[in-house]
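Below are the chains, spelled out letter by letter.
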Amino acid sequence: MTISSSPSAAHGRSPAGLDVSAAFATTLETPEHVRIAEELGFRRAWLYDTPQQSPDVWMCLALAAERTHRIGLGPGVLVPALRHPMVNASGAAALERLAPGRVAVAFGTGYTGRRAMGQQPVSWAYMSRYVTAFRALLRGETAEWEGSSLRMLHTRESLPITPDTIPVYIGAIGPKGMEIAQSLGDGLFVAGGGFPDGARGFEKVSYLANGSVLENGEALSSERLRTAVGPGLAQVYHVSYELGGEEAVKGLPGGPEWLAVVHDTPEAQRHLAVHNGHLLHLNDADTAAWNAGGHTLAEHVTLTGTADDVLAKVQGLAANGVTEIMYQPAGDIRRELEAFADAVGLRR
């Protein structure tokens, strides 16, 4: 078992005025990518809980814990409906035992984890009950769930010394979610997009973003950017379609082309066409949109630009109240992590 120290206060802190962390669309290569992120000075590594396309997030976090000594670790975000609260409490406790002082946990209602399987996100009432039970279990208390009493009955060898100190972040954007985050969470987890009203009221605000530092003279339509930026940019089409329907997509560059490909799939399976490759690679619809002009959005909806541009965007987020930038690389992961770390001043 790896006994490792907590991240120091200075570790992962950018001159831009906020913590710089990495986020990963989880694959079996992710534990090694987390090691690289630690080497480069990133504060924390958040791993996505997307079982429709990824290996188990707790398994990959445990493997990352064994390879690292300092970087923070956590699932971001867990979707309550995917596991019993005891399962996630046990996973968090085990990870804290492997990486004491380095663990954080984030919860979300399931934009991808549910919609990619054809289901709606969980309700905020369900989220509230779930997180309440999860936190009670980690405190060693008896919790109520589905009409039964339950408590963690693990042996001393399986539990961390202070499991109740694991911070919990809540992914939210609307007023109801923000209320739950304020009452139950230790911080707000924002998965890109606009900055939600009320975010300034949180002491800790973690903001997820994609993008890439441009090479000298590099065009936004380059093949490198297709793999590095395309998966993040594609979320504009995915989110617009899920929240606003076809009309919300039609006005986007490449929107009609994206819709034409999606409509080739029968409606009952259309969610599979929309979310295939989520934040890993472009699916057929995303590729059609990129080729039809979608790439022109890269500098507007992602952290894409020159090194100076990227730093300015991160500084802007800090000025708006973001306390942690969670940067998700794609394509050549090492290259993207190195370029971003240099742009925001981690390697100095």
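For the structure itself, consult the block above.
Residues numbered from 1 in each chain as written. Predicted model: local features only at pLDDT ≥ 70, side-chain atom pairs only at ≥ 80, totals over all residues. Heavy atoms only, no water.

**Q** Go over the nonpolar core with me, naming the residues and quoting the values.
**A** Membership of the largest hydrophobic core comes to 75 residues, with the highest contact counts inside it found for F42, L73, F107, L337 and F340. Each residue touching L337, except ones within four places of it in the same chain, is listed here: A22, F24, H33, I36, A37, L40, F42, Y327 and P329. Ranked by size, the runner-up nonpolar core spans 21 residues in total, among them Y237, W290, L297 and A298. (Core = buried A, V, L, I, M, F, W, Y, C linked by side-chain atoms within 4.5 Å. Buried < 20%, exposed > 50% of the residue type's maximum accessible area, 1.4 Å probe, protein only. Contact = heavy atoms within 4.5 Å.)

**Q** Residue-level account of the packing of aromatic side chains, with values.
**A** The full count for this structure, using the stated rule, is 10 aromatic pairs. Seen from their ring centres, W46 and Y169 are 5.6 Å apart, and the 80° between their planes marks the pair as edge-to-face. With W46 in strand β2 (residues 44-47) and Y169 in strand β7 (residues 168-171), this residue pair connects regions lying 123 residues apart in the sequence. By relative accessible area, W46 is classed as buried at 0%. Relative accessible area serves as the criterion here: at 4%, Y169 is assigned to the buried category. Ring geometry for F107 versus Y130: centroids 5.8 Å apart, planes at 65°, classification edge-to-face. (Phe/Tyr/Trp six-rings, centres within 6.5 Å; stacked < 30°, edge-to-face > 60°. Helix = DSSP H or I, 4+ residues; strand = E, 2+ residues; numbered from the N terminus.)

**Q** Now, about the side chain of N88: what can you tell me, with residues and values included?
**A** Of note, N88 is situated in helix α3 (residues 85-98). Of the residues examined, N88 reaches a relative accessible area of 0% and is grouped as buried. Leave out the neighbours within four places in its chain, and N88 touches W58, L78, R83, F107, Y130 and F134.

**Q** Describe the pattern of salt bridges, naming the residues involved and giving the relevant values.
**A** Within the structure shown, the criterion is met by 18 salt bridges. R135 is the partner of D186 in a salt bridge, and the nearest nitrogen-oxygen pair spans 2.8 Å. One end of the pair, D186, is in the loop between α6 (175-184) and β8 (187-190); the other, R135, is in helix α5 (residues 124-138), and 51 residues separate them in sequence. Residue classification places D186 among the partly exposed residues on the basis of a relative accessible area of 35%. Measuring nitrogen to oxygen at the nearest pair gives 3.2 Å for the salt bridge that ties R335 to E336. E336 carries the same exposure label as R335, and that label is buried. Ionic contacts of the salt-bridge type, sharing partners, join the residues E32, R35, E39, R67, R334 and E338 into one network. (Salt bridge = Lys/Arg side-chain N within 4 Å of Asp/Glu carboxyl O.)

**Q** Report on the packing of helix α10 (residues 255-262) against helix α12 (residues 284-291), specifying residues and quantitative values.
**A** Taken N-terminus to C-terminus, the directions of α10 and α12 make an angle of 160°; their axes are 7 Å apart at the nearest point. Between α10 and α12, the interaxial angle falls into the category roughly antiparallel. When you trace α10 past α12, the crossing you get is right-handed. Across the interface between the two elements, E257, W258, V261 and V262 of α10 pack against D284, A285, D286, A288 and A289 of α12. (Axes fitted to C-alpha atoms, helices over the stretch in contact; angles between N-to-C directions. Parallel < 35°, antiparallel > 145°, perpendicular 65-115°, else oblique. Left-handed = near helix turned anticlockwise from the far one by under 90°.)

Spatial relationships are all this shows, so hold off on functional conclusions.
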